[in-house]
Amino acid sequence: MTTSPVETEHLDVLIIGAGISGIGAAYYLQRDHPNRDYAILEARAATGGTWDLFRYPGIRSDSDLHTFGYEFKPWRDERAIASADKILDYLRETAAEHGIDRKVRFRHHVLGVTWSSSDARWTVEVERADVGDVVAFTATWLFFATGYYRYDKGFSPDLPGRENFAGPVVHPQHWPEDLDCAGKRVVVIGSGATAVTVVPALAATAAHVTMLQRTPSYVLPVPSKDAIGNRLRALLGEERAYRVIRRKNIAQQRAIWWLCQRFPRPARAVIRRINATLLPAGYPVDEHFNPPYGPWDQRLCVAPDGDLFKVIREGDASVVTDRIAGFTESGVLLESGRELGADVVVTATGLTVRPFGGIAVTVDDVPVRLADTVAYKGMMLSGVPNLAFAVGYTASSWTLKVGLLCEYFCRLLAHMDAHGYEVCVPAVPDAAMPKRPFLDLASGYVQRALDQLPSQGDRKPWLTSMDYHADVKLLRRSPVQDADLAFSRVNGSGAGRAARPRPPARER
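What you are looking at is a predicted structure, and each value in this text was computed from that prediction instead of being measured.

Rules behind the numbers
- Residues numbered from 1 in each chain as written.
- Predicted model: local features only at pLDDT ≥ 70, side-chain atom pairs only at ≥ 80, totals over all residues.
- Heavy atoms only, no water.
- Helix = DSSP H or I, 4+ residues; strand = E, 2+ residues; numbered from the N terminus.
- Patch = residues over 30% accessible without salt bridge, like charges linked within 9 Å, V, L, I, M, F, W, Y side chains within 5 Å.
- Areas by Shrake-Rupley, 256 points an atom, 1.4 Å probe, with all protein chains shown as cover.
- Salt bridge = Lys/Arg side-chain N within 4 Å of Asp/Glu carboxyl O.
- Buried < 20%, exposed > 50% of the residue type's maximum accessible area, 1.4 Å probe, protein only.
- 1 Å grid on protein atoms, 1.4 Å probe; cavity = no way out; pocket = protein on both sides within 12 Å on 5 of 7 lines; lining within 4 Å.
- Points joined across faces, edges and corners; volume = space filled by probe spheres on them.
- Contact = heavy atoms within 4.5 Å.
- Phe/Tyr/Trp six-rings, centres within 6.5 Å; stacked < 30°, edge-to-face > 60°.

**Observations concerning unusual backbone geometry**
Backbone torsion omega between Lys460 and Pro461 reads 0°, so that peptide bond is classified as cis. Position of Pro461 among the secondary structure elements: in the loop between strand E24 (455-456) and helix H13 (468-477). For Trp296, which is not glycine, the phi dihedral falls at a positive 70°. Relative to the assigned elements, Trp296 resides in the loop between helix H9 (285-288) and strand E11 (301-304). Not every positive phi belongs to a glycine, and Asp365 is a case in point at roughly 70°. Along the chain, Asp365 turns up in the loop between strand E17 (360-363) and strand E18 (366-367).

Here's what the structure looks like:
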């Protein structure tokens, strides 16, 4: 491999990541700015991001596809909670329909990005795994669509005595293609969304599946088919019905989140009552399905058609709430002294957060420490010019937020065009502004990474909203011009000095 870039190519916008966010960003960019050159850099050999990477049994969406899908492309399948293969087909169909797939540079792993104020551009160093060279791109803007977790490594806690176990120990993020759990005893360690997905899928063929959890999670049964939505599709047709279904489901998601936040004790009671009706008579609901935290302090887990409760009810799966003391050759030893016999152990223990794909960001030779920055409108970083990123909702469908961020990004570019600006950088006006974590969740994967994430402020535009309707106003309807957003020109006005605004022009 060469150690220095062998070629340089300039683009107006470089999108990093060809998953659901990157494909969405490309669509809005070429729709609103068809004359801008762009490319998508993808480290892997395929589009689809998460939905191509994860291969564990039962992988599916947590959100309905009428809101998790793109606003511009109706979801046409009768199942609103969809399997990964259907989501992947949907994403690739979207990319092909709009020619986005032709803009993807596969096996282009970004090593680092460096901003030069004198040139008003980014230099992006890329390792090309396909040919073994390091190449360089330059770009006026970067759009990070990398999500916030590490693709090549999930989180695995220190499990004492793991080497004593005779069978395979696998993390869902790295599911072996040849792993067959049919007729075997499986212990799934974890209680989050992945565990709630894997357990029913494995229970279909395994001798028995045990979900071993240290702390319970909230689990809500949700119909996999949207009966009202499917009826509307029959009555109104795909396009009109899709708009109505999206509005209905957005309102439903918002109502559930708001009620859980505003009235946590009644919400907890309702969820517990629902769980109790789906579990066997006399089941210890409070031991296994009554978390010590409030609803939506962590993400709610979804059980399509109550599948988790069904396999428990039928005796194909069970839940054990305890702590691991160690492993034996034939299973997992618990602190209570009980041993869970196992042929296979699945560590559904969560994600490893790695914002911006772990890519080093440098501005004028000074490395940017993300924890020292504050997120502007949930999509830019204080003190970092011409860089946007996409992180979706944690309390609703990811893509609802990403769509609004992409719309705003395109409006921002149009505003800069209209005024002749070349550089845009958010600037925190008050260093004493109270701050809190960018991802305001109590989930372990977030808490483990707080020192790697930006902060958010306590007021707009530095407050990262989880409310779709508030974001519609902030990102779609509010003016781009903002006292906390500094614009400048390099030629004629000097890099880094705010240019005197021209008379306002009508924005698209």
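**Focus on a nonpolar patch on the surface**
On the surface, Trp258, Leu259 and Phe263 cluster together into a nonpolar patch covering about 310 Å² of accessible area. With respect to the helices and strands, the residue Trp258 is situated in helix H7 (residues 238-262). The class of Trp258 is partly exposed, set by a relative accessible area of 47%.

**Notes on the layout of surface pockets**
Space inside the second largest pocket adds up to approximately 590 Å³. Lining the second largest pocket are 27 residues; nearest its centre among them are Asp62, Val222, Gln252, Gln253 and Ile256. Residue contributions to the lining of the second largest pocket peak at six residues, all from H7.

**Points about the environment of Val423**
Relative to the helices and strands, Val423 resides in strand E22 (residues 423-426). Note: C-alpha distance between Val423 and Asn386 (37 residues apart in sequence) is 6.2 Å. For Val423, the residues in contact, after removing those within four places along its chain, are Trp115, Ala120, Pro385, Asn386, Met416, Ala486, Phe487, Ser488 and Val490.

**With respect to the packing of aromatic side chains**
The final tally for this structure, using the stated rule, is 23 aromatic pairs. Seen in terms of ring centroids, Tyr28 and Phe72 are 5.7 Å apart; in terms of plane orientation they differ by 85°. Their pairing is edge-to-face. Of this pair, Tyr28 sits in helix H1 (residues 20-32) while Phe72 sits in the loop between helix H3 (65-68) and helix H4 (84-97), placing them 44 residues apart in sequence. A residue is classified by how much of its surface remains accessible, and Tyr28, at 4% relative accessible area, is buried.

**Notes on the pattern of salt bridges**
All told, the structure shown has 24 salt bridges when counted by the stated rule. Between Asp471 and Lys401 there is a salt bridge, with its nearest N and O atoms 3.1 Å apart. Residue Asp471 is located in helix H13, and its partner Lys401 is located in helix H11 (residues 398-419); the two are separated by 70 residues in the primary sequence. There is no split in this pair, since Asp471 and Lys401 are both buried. Shared partners join several salt bridges into a network, and the residues in it are Arg44, Asp52, Arg55 and Arg92.

**Some thoughts on the side chain of Ser455**
As for its placement among the helices and strands, Ser455 is situated in strand E24. For Ser455, a relative accessible area of 15% corresponds to the buried category. Apart from the residues within four sequence positions on either side, Ser455 is in contact with Ala371, Thr373, Val374, Ala375, Lys435, Arg436 and Phe438.

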